[in-house]
Amino acid sequence: MSASSHPAEDPPVPTVRVVGALVRDGDLVLLTQRRPDADHPLCWEFPGGKVEAGETDAEALRRELREELDADALVGPLYLAVQHRLPRFMLDLRVHRCVLAAGILRPLGVHALRWVRMGGGVDESVGLPVPPADAPVLRLLRADAGLPEEPASPERRRDRMPP
């Protein structure tokens, strides 16, 4: 078989590890809104961020929660790992269950924060714009809560992601 008959493979790209916090209070789930000048501006996501060199996932998540929300947290087990290919790198998102210490959350490194109800037949996350890597986490949360999947009409998909 000649070399020209082999399908072209994508060139290897670097992997960027990021962590997210799944913080729950009963049926409420904490989401943060990205800043207007960020990639995926004003999208809602799980709080967290990039794992720096030499950090564990738990260390990075605790640091990010302090920087973004002025919150201390107990980092629990992995809830879901998502790999999402972007043009310049592979995003490796690890979402961990977390418990926040008592106190008032402040949106320091994010545009806003909100608690959305995801349970008891109510899904307040429907229609919120989210980055593509966070969507599988919301789908799993819906399934775990016995909620239907979000409708995926072409109009809704077009409206979900700002340019």
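Preceding block: the structure.
Parameters at a glance
Residues numbered from 1 in each chain as written. Predicted model: local features only at pLDDT ≥ 70, side-chain atom pairs only at ≥ 80, totals over all residues. Heavy atoms only, no water. Helix = DSSP H or I, 4+ residues; strand = E, 2+ residues; numbered from the N terminus. Buried < 20%, exposed > 50% of the residue type's maximum accessible area, 1.4 Å probe, protein only. Polar contact = N/O pair within 3.5 Å; in protein donor to acceptor, adjacent residues only side chain to side chain. Contact = heavy atoms within 4.5 Å. Expected span 1.5 Å × (residues − 1).

Overview of the side chain of Ser125
One can find Ser125 in the loop between strand 8 (122-123) and helix 2 (135-144). Exposure remark for Ser125: the relative accessible area of 1% places this residue in the buried category. Polar side-chain contacts of Ser125 include one of 2.9 Å to the side chain of Arg142. Discounting residues that sit within four places of it in the chain, Ser125 has contacts with Val116, Arg117, Met118, Leu138 and Arg142.

Quick notes on helix 1 (residues 57-69)
Here helix 1 spans 17 Å end to end across 13 residues, near enough to the 18 Å set by a 1.5 Å rise per residue. Every buried residue belonging to helix 1 is among Asp57, Ala60, Leu61, Arg63, Glu64, Leu65, Glu68 and Leu69, and all of these are buried. On its buried side, helix 1 packs onto strand 1 (15-25), strand 2 (28-33), strand 4 (48-50), strand 5 (73-85), strand 6 (90-100) and strand 7 (112-119). One or two steps after helix 1, the chain reaches Asp70, where phi turns positive at roughly 55°.

Digging into unusual backbone geometry
Non-glycine residue His40 carries a positive phi angle of around 50°. Of note, His40 is situated in the loop between strand 2 and strand 3 (44-45). One non-glycine residue with positive phi stands out, namely Asp70, at about 55°. By the element assignment, Asp70 lies in the loop between helix 1 and strand 5.

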